[in-house]
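Here are the chains, one letter per residue:
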Amino acid sequence: MQTVHTLAELRTALRDLPDRALVPTMGNLHAGHLALVARARELRVPVVASIFVNRLQFAPHEDFDRYPRTLQRDAQLLAEAGCDLLFAPLEAAMYPQPQTFRVRPDPALADILDGASRPGHFEGVATVVMKLFQMVQPAHAVFGKKDYQQLLVIRRMVEQFALPIAIIGLDTVRDTDGLALSSRNGYLTPEQRARAPQLQAALRQLAEQLRAITTPAGLHAHEAQAMQALAAQGWAPDYLTIRRRSDLSAPSTGDVQSHAPLVVLGAARLGGTRLIDNLEA
Ligand code: PAF
């Protein structure tokens, strides 16, 4: 596997990699990322992974500076996973000028849930992903469903800008106790790590109750109860909510009664660490 850090090196390397698939990451790779690479390899095309910790998607008080950077180990894992090219741009290669032109996603999709808690986050994501797409020009790109809202933002961006890229969403990879794999799990103390599956358990419980709920008011009552129960376990819940899979809007009575495709999403803080997860219901 070749590793390149500049746009010129990338363009040269891409000449030999037609119809490529891109797996964009921020590094500190775990089995969830490697599953994205394995899914990309199933397409039988060259696989390009990118590693770039994108400052545009972090608010000033967030963990940009302490986000784990483990490039050597990541490159080793990607090579073993059968990745063909690693693009790990230097900050100056990605942002040679201040990035004053941005991709501003639809606020109805990007300013709710995680976007409400992290203003500007999805603008930062959409901007860097658009830039990675322009630089790598992939025919396919693979993203994890753990970042469910991110996947929807990217799908909508690709549709609305008519980008010739097939977006593939892959199911979340979980540890044996149900915790969704995430680079941020590394911030947890052993005691917090042991309690971390409580978030997934709360989402699962909400998804199970869903079948018995017949009205949006019923949904809200169960969401509120689930938040209280998680708070009682020592978490600071941001949201636990049931939404339509297609656009993350709140389900109507018709959606609830016709069993429209829904997703249960949650974000909550355990100590200083904010974790997110979701389950399609
Ligand atoms: O999901 C991530 O790791 C990041 O948000 C992404 C898509 C690589 C953009 O920085």
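Coordinates for the structure precede this section.
Each chain carries its own residue numbering, running from 1 in the written order of its sequence. Under the rules for a predicted model, residues below a pLDDT of 70 receive no local features and side-chain atom pairs below 80 are neither given nor counted, while totals for whole chains, interfaces and linings still include all residues. In computing side-chain properties, one takes all heavy atoms of the structure into account and sets aside hydrogens as well as water.

### Some thoughts on the site of the ligand
This is how it is decided: Throughout, the term near means that a residue has one or more heavy atoms lying within 4 Å of the molecule or strand in question. What qualifies as a polar contact is a pair of N or O atoms within 3.5 Å, subject to a donor-acceptor requirement within protein and to the restriction that residues adjacent in sequence count only when both atoms come from side chains. Residue-level accessible areas treat just the shown protein chains as cover; the underlying method is Shrake-Rupley with a 1.4 Å probe. Starting at the N terminus, helices and strands are each numbered in turn, a helix being any DSSP run of H or I of at least four residues and a strand any DSSP run of E of at least two.
Close contacts around the ligand come from Pro24, Thr25, Met26, Asn54, Gln57, Val128, Val129, Phe143, Asp147 and Gln150, and that covers them all. Separating an oxygen atom of the ligand from a side-chain N or O atom of glutamine 57 is a distance of 2.7 Å. Within the contact set of the ligand, an oxygen atom lies 2.7 Å away from a side-chain nitrogen or oxygen of glutamine 150. Protein burial of the ligand: of its 290 Å² of free accessible surface, 88% is covered by the chains. Elements with a contribution of two residues or more to the shell around the ligand: strand E2 (21-25) and helix H7 (121-136).

### Focus: the pattern of salt bridges
Put simply, the rule is: Note on definitions: salt bridges are taken to be side-chain nitrogens of Lys or Arg within 4 Å of carboxyl oxygens of Asp or Glu. In this scheme, a residue with accessible area under 20% of its type's maximum is buried, one over 50% is exposed, and one in between is partly exposed, where area comes from a 1.4 Å probe on protein chains only.
Throughout the structure, instances matching the rule amount to 17 salt bridges. With a closest N to O distance of 3.4 Å, glutamate 42 and arginine 39 form a salt bridge. Here the residue glutamate 42 and the residue arginine 39 both occupy positions in helix H2 (residues 31-42), the gap between them amounting to three residues, near one helical turn. Residue classification places glutamate 42 among the exposed positions, given a relative accessible area of 54%. The exposure class of arginine 39 is partly exposed, given its relative accessible area of 23%.

### What to know about helix H8 (residues 148-160)
Filter applied, for reference: Expected span, for any helix, means 1.5 Å times one less than how many residues it has.
For H8, built from 13 residues, the straight-helix expectation of 18 Å at 1.5 Å per residue is met to within 8% by its first-to-last C-alpha distance of 18 Å. Inspection of H8 places Tyr148, Gln149, Gln150, Leu151, Leu152, Val153, Ile154, Met157 and Val158 among the buried residues, and these make up the whole buried set. Directly after H8, the chain includes alanine 162, whose backbone phi takes a positive value near 50 degrees.

### Looking at the sheet that holds E2
Paired through backbone hydrogen bonds, the strands of a sheet run either parallel or antiparallel to each other. Under the convention used in this document: Between any two strands, pairing holds if DSSP finds at least two bridges. Here the axes come from fitting lines to C-alpha atoms, over the contacting stretch only for helices, and the angles between their N-to-C directions go from 0 to 180 degrees.
Pairing is parallel across the open sheet formed by six strands, whose spatial order is E1-E4-E3-E2-E5-E6. One side of each edge strand has no neighbouring strand; the edge strands of this open sheet are strand E1 (2-4) and strand E6 (166-170). Within the sheet, the average angular offset between the axes of one strand and its neighbour, ignoring direction, is 25 degrees. As paired strands, strand E5 (residues 140-144) and E6 are joined by five bridges and run parallel to one another.

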